[in-house]
Amino acid sequence: MAGYNLEGIEAAPLKDDVDIVIPTIRSLDFLEQWRPFLQHYHLIIVQDGDPSIKIKVPEGYDYELYNRNDINRILGPRANCISYKDGGCRCFGFMVSKKKYIYTIDDDCFVAKDPSGKEINVIAQHIKNLETPSTPHYFNTLYDPFREGTDFVRGYPFSLREGVQTAISHGLWLNIPDYDAPTQLVKPRERNTRYVDAVMTIPKGVLYPMCGMNLAFNRELVGPAMYFGLMGEGQPISRYDDMWAGWAAKVVCDQLGFGVKTGMPYLWHSKASNPFVNLKKEHKGLHWQEDMVPFFQNLRLSKESDTAAKCYMEISKMTKEKLTKVDPYFEKLADAMVTWIEAWEELNPPVKNEASEELNPPVKKTQSDGEDVKAKG
Ligand SMILES: O=c1ccn([C@@H]2O[C@H](COP(=O)(O)OP(=O)(O)O[C@H]3OC[C@H](O)[C@H](O)[C@H]3O)[C@@H](O)[C@H]2O)c(=O)[nH]1
Ligand SMILES: [Mn+2]
């Protein structure tokens, strides 16, 4: 039953159209605080690290949980495209979901309060962002024109006021900001206390550093492009999984005419991961981003790339052609991108009509030890 908050606003909008994807190598205790906003939604938990460790899911949540054994069982040899020992493993949850919308959140993120002291319903705001158009072709200086109490400003062409479908909603964070290791090291005590009451469309042709901590997207529009790149154990780079997905997905959105928004909602990011560990994990990314960003900025996809999957396959090809000279890793990443699309299409075959749905039953979701995942009511 959908929950309602005091103002009578539904606290669980579109609860049957959203999956909450959580990567974890720690604990899910943080979900206790999220009950008023997340308890009505289905969770897809991607357990990273040692699969023999039993992760406890707080009572009352409806969930499916996948550990590394499950990923290997479901994807077989294609499992090698899913990161191990990196939060990027979360994209497996995007792939097994059958819902229109995904919201992904880190396990050290909590409910934030707006300046009035009201708890922020991140899902409600993300849904609002995703269900209202974006304006990537011309910047509205009063920010989101589709928001209550605001509009397009003078000089905004009426021919552009319809906007475009929104594919990604990128939320922000109070307290611990998502800084890279060098910045964290020189500013260890910096906290983000600034709540900016705005949602903006990222203009067409402009990239942005997408953080996976508080992120929602329309799986049907851009799911295949939301591959959190192969990082972590066995790879020369980590903690650039979401960046890779953000750059690629923005190029895909620009190509397909979809919009990307950033700004509200905020959540409270509590745990500063260790900057020295982070430096070791991400140091190659600090160098390579000087090549990766111009690569994506200069990408021009062919007009034949008219779906997210086709765009992504073309980006994989260009990655191999243009970035392998930076490091042989990019050849491996390009291959993993192809494997990702193959796995995505295997788990998400295009449904032609009602009848064909019977031919493609949803992937059976069980835990690695063979027992059925018990949906927790
Ligand atoms: O090996 C791992 C490490 C982490 N996770 C899960 O990923 C989430 C983020 O981890 P953490 O909070 O330690 O990292 P942050 O530095 O705060 O996060 C940023 O950088 C890494 C990611 O890109 C993240 O999205 C960024 O916000 C958390 O749920 C961990 O449990 C993992 O699964 N495996
Ligand atoms: Mn964190």
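In what follows, the structure referred to is the one given above.
Residues numbered from 1 in each chain as written. Chains lettered and ligands numbered in written order. Predicted model: local features only at pLDDT ≥ 70, side-chain atom pairs only at ≥ 80, totals over all residues.

Sorry if this is basic, but what is going on with the overall build of the chain here?
A tally of helices and strands in the chain yields eleven helices and nine strands. Counting all 377 residues of the chain, 44% fall into the buried class. Taking contacts inside the chain between residues at least 6 apart in sequence as the whole, the part at least 24 apart equals 74%. (Helix = DSSP H or I, 4+ residues; strand = E, 2+ residues; numbered from the N terminus. Buried ≥ 20, exposed ≤ 12 C-beta atoms within 10 Å, placed from the backbone. Contact = placed C-beta atoms within 7 Å.)

What exactly am I supposed to notice about the site of ligand 1 here?
Taken together, 22 residues are adjacent to ligand 1, and Asp48, Gly87, Asp106, Gly212 and Met213 come closest. Here the shell around ligand 1 is composed, by residue class, of five nonpolar, five polar and twelve charged. (Near = placed C-beta within 6 Å. Nonpolar A, V, L, I, M, F, W, Y, C, P; charged D, E, K, R; others polar.)

What exactly am I supposed to notice about the environment of Glu64 here?
Examined against the element boundaries, Glu64 turns out to sit in strand E3 (residues 62–66). By C-beta crowding, Glu64 is classed as buried, having 23 other C-beta atoms within 10 Å. In this structure, the C-alpha to C-alpha distance between Glu64 and Val21, residues 43 residues apart in sequence, is 9.8 Å.

When you look at the packing of helix H9 (residues 308–323) against helix H10 (residues 329–347) in this model, what are you seeing that I'm missing?
In a pair of packed helices, the angle between the axes and the distance between the axes together describe the arrangement. Contact geometry of H9 with H10 gives a least axis separation of 8 Å together with a crossing angle of 165 degrees. Between H9 and H10, the angle falls in the class roughly antiparallel. Crossing hand, H9 versus H10: left-handed. Each of Ala309, Tyr312, Met313, Ser316, Thr319, Lys320 and Leu323 in H9 lies in contact with H10, whose residues at this interface are Phe330, Glu331, Leu333, Ala334, Met337, Val338, Ile341 and Glu345. (Axes fitted to C-alpha atoms, helices over the stretch in contact; angles between N-to-C directions. Parallel < 35°, antiparallel > 145°, perpendicular 65-115°, else oblique. Left-handed = near helix turned anticlockwise from the far one by under 90°.)

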